[in-house]
Amino acid sequence: FLFNSLNSVASLTRSNPARAEAALQDLADLFRVLMADARKLVPISAEREIARQYLEIEKLRLGDRLKVAWSLSNVPKSAQIPALTLQPLLENAIYHGIEPRFNGGTLKIELWREGDSLNVLISNPLPDVRKQEHGRGNKLALDNIRQRLSSHFGDAASMQAFEESNHYHVKLKMPIVRG
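Right, let's walk through the structure included here.

Conventions we followed
Residues numbered from 1 in each chain as written. Predicted model: local features only at pLDDT ≥ 70, side-chain atom pairs only at ≥ 80, totals over all residues. Heavy atoms only, no water. Salt bridge = Lys/Arg side-chain N within 4 Å of Asp/Glu carboxyl O. Helix = DSSP H or I, 4+ residues; strand = E, 2+ residues; numbered from the N terminus. Buried < 20%, exposed > 50% of the residue type's maximum accessible area, 1.4 Å probe, protein only. Expected span 1.5 Å × (residues − 1). Phe/Tyr/Trp six-rings, centres within 6.5 Å; stacked < 30°, edge-to-face > 60°. Lys NZ or Arg CZ within 6 Å of the ring centre and 35° of its normal. Core = buried A, V, L, I, M, F, W, Y, C linked by side-chain atoms within 4.5 Å. Contact = heavy atoms within 4.5 Å. Arc of directions from axis to C-beta.

**Description of the pattern of salt bridges**
A side chain with one charge can pair with a side chain of the opposite charge if their charged atoms come near.
For step 1, the next point in the chain: Counting across every chain of the model gives six salt bridges.
For step 2, the next point in the chain: Between E56 and K59 there is a salt bridge whose closest N-O contact spans 4.0 Å. Here E56 pairs with K59, and both are found in helix α3 (residues 44–62), just three residues apart, close to one helical turn.
For step 3, the next point in the chain: Owing to a relative accessible area of 29%, E56 belongs among the partly exposed residues under this scheme.

As structure tokens, this is what we get:
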């Protein structure tokens with residue numbers, strides 16, 4: 001990711017210096033968060049901003065092949081979520097779903113409130129053909145997120161990963177905790 005991002009920025013330095021500068025700022029912010037303590041809760045707005053910055057960097061690399069659709073419904077701005085929950089899920093969705101597809105695809109990110117719970121659903125199309133170099137993954141990101149949800153919320157949180165309608169979905173459900 002780092003080398004791909006830096007190469008994308010390098011290619012923009014002459015043709016679009018303002019966009020290259022913005023991408024470097026996004027990359028710096030992303031790495032600042034990645035080096036912070038991922039065991040704490042952060043406001044959902046901060047987690048969404050890191051996800052947005054990550055997606056902007058990936059759009060430099062993938063161009064029109066990466067489309068993103070956000071849907072938010074009644075999400076309290078003060079709701080807290082474990083740090084670095086969205087970004088690794090988005091990275092997996094791009095690497096395993098969008099990148100191997102010739103035409104790319106749309107990454108859908110839905111957040112909604114349901115009673116006292118915050119729901120997150122990330123969906124990506126399945127690859128046309130599962131390439132060997134992309135493999136099935138080792139599920140480390142999913143296991144890590146599942147563990148952090150459990151340590152913060154116990155049995156009140158859940159995570160499901162499933163395939164349906166030629167898409168891969170990861171659904172998170174956690175209690176709304178306000179900061």
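**So, α3**
For step 1, the next point in the chain: Helix length check: α3 (19 residues) gives 26 Å between terminal C-alpha atoms against 27 Å at 1.5 Å per residue, within 8%.
For step 2, the next point in the chain: All of the buried residues along α3 are I44, E47, I50, A51, Q53, Y54, L55, I57, E58, L60 and L62.
For step 3, the next point in the chain: Within two residues after α3, G63 carries a phi angle of roughly 60°, on the positive side.

**Quick notes on unusual backbone geometry**
For step 1, the next point in the chain: Within the chain, N74 stands out as a residue other than glycine whose phi angle is a positive 60°.
For step 2, the next point in the chain: With respect to the secondary-structure elements, N74 resides in the loop between β2 (66–73) and β3 (80–82).
For step 3, the next point in the chain: One non-glycine residue, S165, lies in positive phi territory at about 55°.
For step 4, the next point in the chain: You can see S165 is positioned in the loop between β6 (158–164) and β7 (167–175).

**So, the packing of aromatic side chains**
For step 1, the next point in the chain: Counting across every chain of the model gives zero aromatic pairs.
For step 2, the next point in the chain: If you follow R48 out to its NZ or CZ, it ends over the ring of W70, 5.9 Å from the centre.

**Observations concerning the nonpolar core**
For step 1, the next point in the chain: L90, L107, I122, L149, L172 and M174 are the most contacted members of the largest nonpolar core, which has 33 residues in total.
For step 2, the next point in the chain: Broken down by secondary-structure element, the contributors of at least two residues to this core are α3, α4 (86–98), β4 (105–114), β5 (117–125), α5 (140–153) and β7.
For step 3, the next point in the chain: Sorting elements by how many residues they give to this core places α4 first, with six residues.
For step 4, the next point in the chain: Contacts of M174, omitting those with residues within four sequence positions, involve I81, P82, D116, S117, L118, L149, F153, A156 and A157.
For step 5, the next point in the chain: V9, L12, A23 and L60 belong to the second largest nonpolar core, which has five residues in total.

**Some thoughts on α5**
For step 1, the next point in the chain: Helix length check: α5, at 14 residues, gives a terminal C-alpha distance of 20 Å against a target of 20 Å (1.5 Å per residue), a fit within 8%.
For step 2, the next point in the chain: For α5, the set of buried residues is L142, I145, R148, L149 and F153. The buried residues of α5 all sit within an arc of 130° when viewed along its axis, so they share a single face. α5 presents L140, Q147 and S151 as exposed residues on the side facing more than 90 degrees away from its buried surface.
For step 3, the next point in the chain: If you follow the buried residues of α5, they end up packed against β1 (41–43), β3, α4, β6 and β7.
For step 4, the next point in the chain: One or two positions beyond α5, positive phi appears at G154, with a value near 60°.

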